[in-house]
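# Chains, contacts and geometry: an overview
Single-letter residue listing:
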Amino acid sequence: MIQTGLIQSAHNDLVTDVAYDFYGLRLATCSLDQRIKVWQVDESNGNWNVEDDWKAHDATVSKLSWAHPEFGTILASASFDRTVKIWEQTSFASAADSQPNGAGAGSPQANSGGSSRWVERAVLVDARGTVRAVEFAPHHFGLKLATVSSDNHVRIYECLEQSSLATWQLSEEVDVSTLPSVSLSSSYSVAFATPTQTSATLEGASATLVAQALQQSQNPTTQGRPGMGNREADGGWCISWCKERYWGEIIAAGCGISGTIKIIQLSPSRRPTTLLTLDPSPSPAGLPTEVATSLASDGDAPTPFAITSVAWAPSCGRSYHLIATGGRDGHVRIWRVKPAEEEPDVEGEGGDLKWSANVVADFDHHKSAVGRVEWNITGTVLSSAGNDGRVRLWKATIGNVWRPAGSIGVEQSEDTQDADVNMGENAIAE
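Thresholds applied
- For every chain, the first residue of the written sequence is number 1, and numbering continues from 1 onward in sequence order.
- Side-chain atom pairs in this predicted model are given and counted only at pLDDT of 80 or more, local residue features only at pLDDT of at least 70, and totals for whole chains, interfaces and linings cover all residues.
- The side-chain numbers reported here are obtained from all heavy atoms of the structure, hydrogens and water having been left aside.
- For the purposes of this entry, the term helix denotes a DSSP run of H or I that reaches at least four residues, the term strand denotes a run of E that reaches at least two, and both are numbered from the N terminus.
- Here the term buried applies to any residue with accessible area under 20% of the maximum for its type, exposed to any over 50%, and partly exposed to those in between, with areas from a 1.4 Å probe on protein chains only.
- Whether two residues are in contact is decided by their heavy atoms: any pair within 4.5 Å suffices.
- The method behind every accessible area is Shrake-Rupley, applied with a 1.4 Å probe, and residues are considered shielded solely by the protein chains displayed.
- Two strands are counted as paired when DSSP detects at least two bridges linking them.
- Axes, fitted as lines to C-alpha atoms, cover a helix only where it is in contact. Angles between the N-to-C directions of the axes lie from 0 to 180 degrees.
- Pairs of N or O atoms within 3.5 Å make up the polar contacts considered here, provided that, within protein, one atom can donate a hydrogen while the other can accept it, and that residues adjacent in sequence are counted only when both atoms are side-chain atoms.
- Throughout, nonpolar core names a set of buried Ala, Val, Leu, Ile, Met, Phe, Trp, Tyr and Cys residues whose side chains join them through atoms within 4.5 Å.

### With respect to the overall build of the protein chain
Scanning the protein chain from terminus to terminus reveals three helices and 26 strands. Taking all 430 residues of the protein chain together, the buried fraction comes to 48%. Of all intrachain contacts in the protein chain linking residues separated by at least 6 positions in sequence, the fraction that spans at least 24 positions is 50%. Carbon and sulfur atoms make up 48% of the accessible area of the protein chain, which totals about 20400 Å².

### Quick word on the sheet that holds strand 10 (residues 144–149)
What links the strands of a sheet is backbone hydrogen bonding, and the strands pair in either a parallel or an antiparallel sense. Taking strand neighbours across the sheet as the criterion, the four strands line up as 9-10-11-12 in an open arrangement whose pairing is antiparallel. The outermost strands of the open sheet, each flanked by one partner alone, are strand 9 (131–136) and strand 12 (168–175). Within this sheet the neighbouring strands show an average axis-to-axis angle of 20°, counted without direction. The pairing of strand 9 with strand 10 spans five bridges and is antiparallel. Looking at the pairing, Val-131 lines up with Ser-149 of strand 10.

### Side note on the side chain of Arg-333
Here Arg-333 is to be found in strand 21 (residues 332–338). Overall, Arg-333 belongs to the buried group, its relative accessible area being 9%. Reaching out from Arg-333, the side chain makes a polar contact with the side chain of Asp-362 at a distance of 3.3 Å. Discounting residues that sit within four places of it in the chain, Arg-333 has contacts with Pro-280, Ile-323, Ala-324, Thr-325, Ala-361 and Asp-362.

### Here's the deal with the nonpolar core
Counting residues in hydrophobic clusters, the biggest one holds 19 residues, and the most contacted among them are Ile-74, Ile-86, Phe-136, Leu-143, Leu-145 and Trp-168. When contributions to this core are tallied by element, the ones reaching two or more residues are strand 6 (74–79), strand 7 (84–91), strand 8 (116–124), strand 9 and strand 11 (153–159). Contact partners of Trp-168, with chain neighbours within four places excluded, come to Ile-86, Ala-122, Leu-124, Phe-136, Leu-143, Leu-145, Tyr-157, Glu-158 and Cys-159. Formed by 18 residues, the second largest nonpolar core is a distinct cluster that contains Ala-133, Ile-156, Val-176 and Leu-266.

### Digging into the environment of Ala-56
Within the secondary structure layout, Ala-56 lies in the loop between strand 4 (47–55) and strand 5 (61–66). The spatial distance from the C-alpha of Ala-56 to the C-alpha of Arg-35 is 5.3 Å, given a sequence separation of 21 residues.

### Considering the side chain of Arg-392
Position of Arg-392 relative to the elements: it lies in strand 25 (residues 390–397). Arg-392 gets classed as buried once you look at its relative accessible area, which sits at 8%. Within the structure, Arg-392 has its side chain in polar contact with the side chain of Asp-388 (distance 3.1 Å).

### Some remarks on the pairing of strand 18 (residues 270–278)
Pairing of strand 17 (residues 261–267) with strand 18 involves six bridges; the strand directions are antiparallel. When the sheet's bridge partners are listed, Gln-265 is paired in strand 18 with Thr-273. Taking the residues that link successive antiparallel strands as the turn, the strand 17-strand 18 hairpin has two residues.

What follows is the structure, encoded as structure tokens:
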């Protein structure tokens, strides 16, 4: 049975993100009204009450993320004003000499918690576009966070002073759009041209053809293709960390209108590399994705749609990973990602080890753009929210077949006619 709760008039404008804390007893919301609200659940009756409310940014607040509680009560917010802000909840006494939040030290909004307030600890201003997503790294990697902005860059920050939260170092800055999609074979050894380069170094028999295709695919062809859109509003920018410690720092990122997700390995000893590209419309055999996309005519290649949300599931002992994506095409896809298997005779050549992935479920029940996908704590149930005004649940059954598990109409709490859906529809077995 699906149990629901309703917060009436949570904000004065469209709510852009909702984030639970580690324990699920507090909720942070943000909105086009530039404000952040923190809610506390009353466990006796299940009602949510406002604990804090303040003006956080000078533009739309796009995303929120809670840090692990071992670092304190810390919240990060991303905004269309091109900044990411770090907030910490603290008592009035300890915050007396700290910079107050936008609501003002003595305002009712700042004092709504009664004995605490949220203090702005740091502002990250490196983005050259609107910041669309922010997410703290798993706690075993330390106090780090990742951001992605409309300039197609993923930025990794690390806190150097955890006691004050004032100093954050930009440890990585990756242009996802120019990062090679896959480890190319020897016949397609390509050094991608960066915006500051006029040409790329190429090797192989088809070097000229590959070079032309790559240069066309980076900007002109992509922007001019009918149906894909060339506005920022048509794109999608999303990130999600791999939750498992064993594989190191790995992040899934999607940018722009490519319709793909790149699995990126982060390492302190070398530049970030792409382990795998999740592409629902794979390129012809033998060609890199960028080349095949550019060479394909409009009638031969399906029109890609931006991926608006990605969620990496907790592993919970599985030998593979599950990654969910939601896009503007209305599809919710679940990918089964298999890590590379270590070979005893390979010494230090991690680049030669191949990750693989395949789609194990593809649902289009929303019939409209999907705004968010999210896993439960064990990675066994997936939820998705779409522009159809419904939150839908997906669950694996016997044989690892993913099926619909019900839905909730957010506009009508009594709307249950779609709860019992056809369990055989759009289910794809592994």
